[in-house]
Amino acid sequence: MLFRERYEHELRLIRGSQAWVVAGLAGALLVALPFLVKGYLVYNMTLFFVYALVALSLSVLVGLTGQVSLGHAGFLAAGAYVFVIATQHGFPYLLAVLAAVLVSAALGVVIGVPSLRLEGPYLAIATLGFGLAIQQILTNWRLVGASTGTLVDRPVILGIDFYGDRAYYYLVLVLAGFVTWMLFNLERSHVGRAFRATRDADLAAQMSGIGLARYKTLAFVISAAVAGLAGALYGPLVGYITPEGFNLLLSIKFLLMTVVGGLGFLPGALLGAGFITGLDLVLSTFRSWSQLTFGAVVIAVMMLEPAGLYGRWLKIKQFWKSWPL
Amino acid sequence: MSGLDQFVQALVSGASIGSVYALVALGLVLLYRTTRILNFAHGDLGVAGTFVAYTLLTQLRLPFGLAFPLALVAAAAIGMLVYLLLVRPAKNQTELGLLILTLGLALALGGLDALVFGTDNKLVPTVVADRILRFGGVSLSLVSIVTSLLGVVLMLALWALLSFTKLGVAMRAVAQREDVAEAMGLPVRTVLMATWAAAAVLAAAAALLFAPTTLLNPNMMLDPLSKGFVAAVIGGMNSLPGAVVGAYILGILELLVGLYVSLEFKASFAFLVVVLVLVLRPHGLLGRADVKRV
């Protein structure tokens, strides 16, 4: 089916029997993966899930509403540190995660409301400043270990110990998978359509009864909350967090994920996160060449395919389906 | 040191670092208002020029008066190449796409510098042998005075270029309306190439002047670049005088905050200022809002 003919069809998350087969196989593969590959790959897959969450959150903000953020590592850091503080105060795991999400969402309001008046380069620099400011505040805050950082333990929930890489993989898979599903649903709801309307023509959207202030702030809040959740998952994964780890380069990498994957497509963010995380992993063996190669790949994607990897995939798919037209 | 001396000292040192910020911010604004590109590779373009100067000074043992202009020429060439080989042929010509392109370029250039020259800190020879001059309780380093003066000279040169030459007028015309400029028969491509060259020269000059205060390494320009962005945004991204004003305000305020409030939060203070300014004036102090026609 090349074109969507009915609204029910548009609403469906998985369209057509082929897609069901692919989704089923992908799901089965993700569940079976820890028993198929070596330990360090399980760790990196978990890292990919966490990065994919941030890339998705950024995709909602940049791709759907067209607001740039160069400071998403700040939200990730906020989530990770709130999670640490909450667990130190004896919060149970899920409450600590919830606290991380809520604080990060609150930060999203703090950044989102002033940024209503900003656009383009001004917003980019303001969010860049937010990321750097968070990093510097954490560097100088002794309660959370200042620049030396702090240890993060993996959780024990209802007597089940998630210390092992495999066990933690499943925990992250469930939480990240659930949020990914919610975000994909959000994109197809009236909220997602409102987001895209504000991106494409804010004045026209306003004329159609979409409250710009409300939806732009909402996008920031959702994005910050998801990035905060990613932070709460990231801390226990790496085991030791330092402010230095949440630097500008990380924020840039998140933006690269969404754009290289395909701006405006949520599956593109997943693809981009996989691509960048994989590239990082492959390049980590050639240390001195890694930064140059990384930059060159990014330049190549931007020069050759504006719609990103997912956009290219859509073109191939359409060509295949409509062939020989 | 008395309180007044400390205050004057902060003002003078702030003005000195402000000139570096101003050169960075001018380059960013020059490019942004003509091409709508937020150039994150600006710092790395400057560092590349500084590495050229470093090679000329230490390997070929050229005098400073020769190495400095040659490095600026090399930077201009790099800037033109970036425009011709990367920016013009890029298929993704959206504002965000080009921003990402410059991010990729920044990573690639930084990686290249690290590969060729290594990541260790290098001492760059200075224009004059450094001496500390004392005026009452205020002490000034000779290098920082010369740096500030050179910065001001370069700013004046840019002003003269834009105001009194045909190329400058063409640059301003392209910045205002690219399509009309093209219709009037201006060679837009050449003008854009010249803009890239001029921006790269400003970047290299800023890096060359900044190198003696820190040490030369591939990440040297990270802090001045982010401060340059802040200065440009405070002043307004499409106003060249705004960039200079923003840079000096930022340089001086930073040192005053370090002196009277808290040394630790000196660096994050810049971003507090930017948020405050943007909340009150979303298009900077001297910038003008883009008029959107519907």
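Every value quoted in this text rests on a predicted model; they were computed, and no experiment measured them.

A. Just the overall build of chain B, in detail. Looking only at helices and strands, chain B features 11 helices and 2 strands. Going from the N terminus to the C terminus, chain B shows its helices and strands as α-α-α-α-β-β-α-α-α-α-α-α-α. Here the C-alpha radius of gyration of chain B, 19 Å, is about what a compact globule of 294 residues would show, namely 19 Å. The proportion of buried residues among the 294 residues of chain B is 53%. Long-range pairs, those at least 24 residues apart, make up 71% of the contacts in chain B between residues at least 6 apart in sequence. Working note: accessible area of chain B is about 13000 Å², and carbon and sulfur atoms make up 67% of it. With 18 positive and 13 negative side-chain charges, chain B shows a separation of 8 Å between the mean positions of the two kinds.

B. Structural context of the pattern of salt bridges. Counting across every chain of the model gives 7 salt bridges over all chains. Here Lys227 of chain B and Glu254 of chain B are joined by a salt bridge, their closest N and O atoms 2.9 Å apart. One end of the pair, Lys227 of chain B, is in helix 9 (residues 222-235); the other, Glu254 of chain B, is in helix 10 (residues 240-260), with 27 residues separating them in the sequence. The exposure classification of Lys227 of chain B matches that of Glu254 of chain B, with both residues buried. Among the charged side chains, a network of salt bridges with common partners joins Glu305, Arg312 and Lys315 of chain A.

C. Representation of helix 4 (residues 95-117) of chain B within the structure. Residues and elements named next belong to chain B. The end-to-end C-alpha distance of helix 4, which contains 23 residues, comes to 32 Å, matching closely the 33 Å that a straight helix rising 1.5 Å per residue would cover. Summarising burial for helix 4: 18 of the 23 residues are buried, a large majority. Residue Gly118 follows helix 4 closely and has a positive phi angle near 85°.

D. Looking closely at the interface of chain A and chain B. Taken together, the contact pairs 41 residues of chain A with 44 residues of chain B. Interface of chain A and chain B: buried area, both sides summed, is about 3700 Å²; carbon and sulfur atoms make up 78% of it. When the buried area of chain A at its contact with chain B is split by residue, Tyr122, Ile125 and Met303 of chain A rank highest and sum to 20% of it. Where chain A touches chain B, the interface holds 0 salt bridges.

E. Region of interest: a nonpolar patch on the surface. All names here are of chain B. Together, Leu4, Phe7, Leu11, Val12, Leu259, Tyr260 and Val261 make up a nonpolar patch on the protein surface, roughly 630 Å² of accessible area in all. Elements with a contribution of two residues or more to the nonpolar patch: helix 1 (3-35) and helix 10. Structurally, Leu11 can be placed in helix 1.

F. Molecular detail of the packing of aromatic side chains. Applying the stated rule across the entire model yields 15 aromatic pairs over all chains. Ring geometry for Phe40 of chain B and Phe229 of chain B: centres 4.7 Å apart, planes at 35°, overall tilted. Of this pair, Phe40 of chain B sits in the loop between helix 1 and helix 2 (42-58) while Phe229 of chain B sits in helix 9, and the two are 189 residues apart along the sequence. Look at Phe40 of chain B and you get buried, because its relative accessible area is 6%. Over the face of the ring belonging to Phe294 of chain A we find Lys253 of chain A, whose NZ or CZ atom lies 5.3 Å from the ring centre.

G. Local environment of the confidence of the model for chain B. Residue and element names in this part refer to chain B. Mean pLDDT over chain B stands at 83; residues scoring 70 or higher make up 95%. The lowest-confidence element of chain B is strand 1 (residues 132-135), averaging 74 in pLDDT; the highest-confidence one is helix 8 (residues 188-210), averaging 90. Reported confidences for the modelled complex are a pTM of 0.85 and an ipTM of 0.81.

What counts, and at which threshold
Here the residue numbering is sequential within each chain, running from 1 through the sequence in written order. For naming, the first written chain is A and the first written ligand is 1, with later ones following in the order written. The model is predicted, so local features are restricted to residues of pLDDT at least 70 and side-chain atom pairs to those at 80 or more, both for listing and for counting; the totals for chains, interfaces and linings are taken over all residues. With hydrogens and water set aside, each side-chain value is computed from the structure's full complement of heavy atoms. Numbered from the N terminus, helices here are DSSP runs of H or I no shorter than four residues, and strands are runs of E no shorter than two. With C-alpha atoms as the basis for the radius of gyration, the globule rule is written as 2.2 Å multiplied by the number of residues raised to the power 0.38. Burial classification: accessible surface area is computed with a 1.4 Å probe over protein chains only, and a residue below 20% of its type maximum counts as buried, one above 50% as exposed, and the rest as partly exposed. Should any heavy atoms of two residues lie within 4.5 Å, those residues are counted as being in contact. Only the protein chains shown count as covering a residue, and every accessible area follows the Shrake-Rupley method with a 1.4 Å probe. Residues counted as positive are Lys and Arg, residues counted as negative are Asp and Glu, and His and the chain ends are not counted. By convention, charge coordinates are those of NZ in Lys, CZ in Arg, CG in Asp, or CD in Glu. Salt bridge, as used here: a side-chain nitrogen of Lys or Arg that lies within 4 Å of a carboxyl oxygen of Asp or Glu. A helix is expected to reach a length of 1.5 Å times the quantity of its residues less one. Here the buried area means the combined drop in accessible surface, using a 1.4 Å probe, for two parts upon being joined, counting both sides. Every patch collects residues that have over 30% relative accessible area and no salt bridge, joining them within 9 Å if they carry like charges and within 5 Å if they are nonpolar side chains (Val, Leu, Ile, Met, Phe, Trp, Tyr). Aromatic pairs are defined between Phe, Tyr and Trp rings, using the six-membered ring for Trp, whenever the two ring centres lie within 6.5 Å; interplanar angles under 30 degrees are classed as stacked, those over 60 as edge-to-face, and all others as tilted. By definition, being over a ring means that NZ of Lys or CZ of Arg is both within 6 Å of the ring centre and within 35 degrees of the ring normal. The predictor attaches a confidence to each residue, and that confidence, scored 0 to 100, is pLDDT.

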